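Spelled out, the chains give:
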Amino acid sequence: MNGLSSLQTLQALSNLLTTTDEADDEDMKSAQPSAKLGPGNIGPPPQSNTTKEASYTKRSNKDIWDEQEVPDGSQFDDLTDLRPEPEFEMMFRQCVGTEDLFLGMSGKDPSSMCCEGLLVKVKLPDTKASDVVLDIREKFLDLRTPKFKLGLHLPHPVRQEEGKARFLSERQQLEISLLLRRPADFVYS
């Protein structure tokens, strides 16, 4: 019989890998050899009194939700405000040079992940520039006028401090230019 498969070799291996008490030794001696050896017997015995920690911890304050759990812009949702949403259009902007167009050297592609900016055009008929209230967050644009209300979730995070807006009174249109905060900005800058 091969030395690796003999009963004494398996018992010696099990004794090396496990730390047993005297009570466990008596149980092992009284058990049948075929019943006591198996894959579960190799290594330390499993501990049955494991305690599970709760993933939710109760806070002492009376808040129902944490600030991170509430999506951006939900504080601007007002169901009692019946002002209509104005017509708007979103366009991505990408700076493309001849090396991109003809040779493809910079690695840019036409996807929105390679775009640098976002242009939002909002049509506001019968509105003056002084009536427009604009608030831009990282992922949310809030626009309010006496006649219209627009709460727009942005497709990508933006640099809210570096945005520009201009009101074109001849077209009665507001153009908002925003720079995108892309995941790979630190590589290209």
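The structure reproduced in this document is the subject of the present report. (Residues numbered from 1 in each chain as written. Predicted model: local features only at pLDDT ≥ 70, side-chain atom pairs only at ≥ 80, totals over all residues. Heavy atoms only, no water.)

**Focus: the overall build of the chain**
Basically, it comes down to this: Runs of H or I in DSSP of at least four residues are treated as helices and runs of E of at least two as strands, each being numbered from the N terminus. The classification of residues rests on relative accessible area computed with a 1.4 Å probe and restricted to protein chains. Under 20% of the type maximum is buried, over 50% is exposed, and intermediate values are partly exposed. Contact definition: two residues touch when any of their heavy atoms are within 4.5 Å. Under the convention used here, a 1.4 Å probe and the Shrake-Rupley method define accessible areas, while residue burial counts only the protein chains that appear.
Within the chain, the secondary structure is distributed over five helices and seven strands. Taken across its 189 residues, the chain has 23% of its residues classed as buried. In the chain, the share of contacts with a sequence separation of at least 24, taken over all contacts with a separation of at least 6, comes to 58%. For the chain, the accessible surface area stands at approximately 14500 Å², while carbon and sulfur atoms represent 53% of it.

**Observations regarding the pairing of strand S3 (residues 133-136)**
The condition that has to hold: Whether two strands pair depends on DSSP finding at least two bridges between them.
Here S3 runs beside strand S4 (residues 140-144); their pairing, made up of four bridges, is antiparallel. If you follow Val 133 over to S4, its bridge partner there is Arg 144. As consecutive antiparallel partners, S3 and S4 are separated by three residues.

**Overview of the nonpolar core**
For soluble globular proteins, nonpolar side chains are generally found buried alongside one another. For clarity, the threshold we go by: Throughout this description, the term nonpolar core refers to a set of buried Ala, Val, Leu, Ile, Met, Phe, Trp, Tyr and Cys residues connected via side-chain atoms within 4.5 Å.
The biggest cluster of nonpolar side chains holds 18 residues, and the ones touching the most others in it are Leu 141, Leu 143 and Leu 178. Contacts of Leu 178, omitting those with residues within four sequence positions, involve Glu 116, Gly 117, Leu 118, Ile 136, Leu 141, Leu 154, Val 158 and Gly 163.

**Remarks on the environment of Arg 182**
When you line up the elements, Arg 182 lands in the loop between strand S7 (173-179) and helix H5 (185-188). Its relative accessible area of 17% is what places Arg 182 among the buried residues. Expressed as a C-alpha distance, the spacing of Arg 182 and Cys 114, which sit 68 residues apart in the sequence, is 8.1 Å.

**Regarding unusual backbone geometry**
Its identity is not glycine, yet Asp 126 carries a phi of approximately 55°, on the positive side. Within the element layout of this structure, Asp 126 appears in the loop between strand S2 (117-123) and S3. For Asp 126, a relative accessible area of 58% translates into the label exposed. At Gln 172, a residue that is not glycine, the phi angle is positive and equals roughly 50°. Relative to the elements of secondary structure, Gln 172 occurs in the loop between strand S6 (164-168) and S7. Classification of Gln 172 as partly exposed rests on a relative accessible area of 30%.

**A look at the sheet that holds S2**
Put simply, the rule reads: Fitted lines through C-alpha atoms give the axes, limited to the stretch in contact for helices. The angle between two N-to-C directions lies from 0 to 180 degrees.
The antiparallel open sheet is built from four strands, whose spatial order is S1-S2-S7-S6. In this open sheet, the two strands that pair with only one neighbour each are strand S1 (88-93) and S6. Each strand axis lies, on average, 15° off the axis of its neighbour in the sheet, ignoring direction. Here S6 runs beside S7; their pairing, made up of five bridges, is antiparallel. The residue bridging Arg 166 from the neighbouring strand is Glu 175, located in S7.

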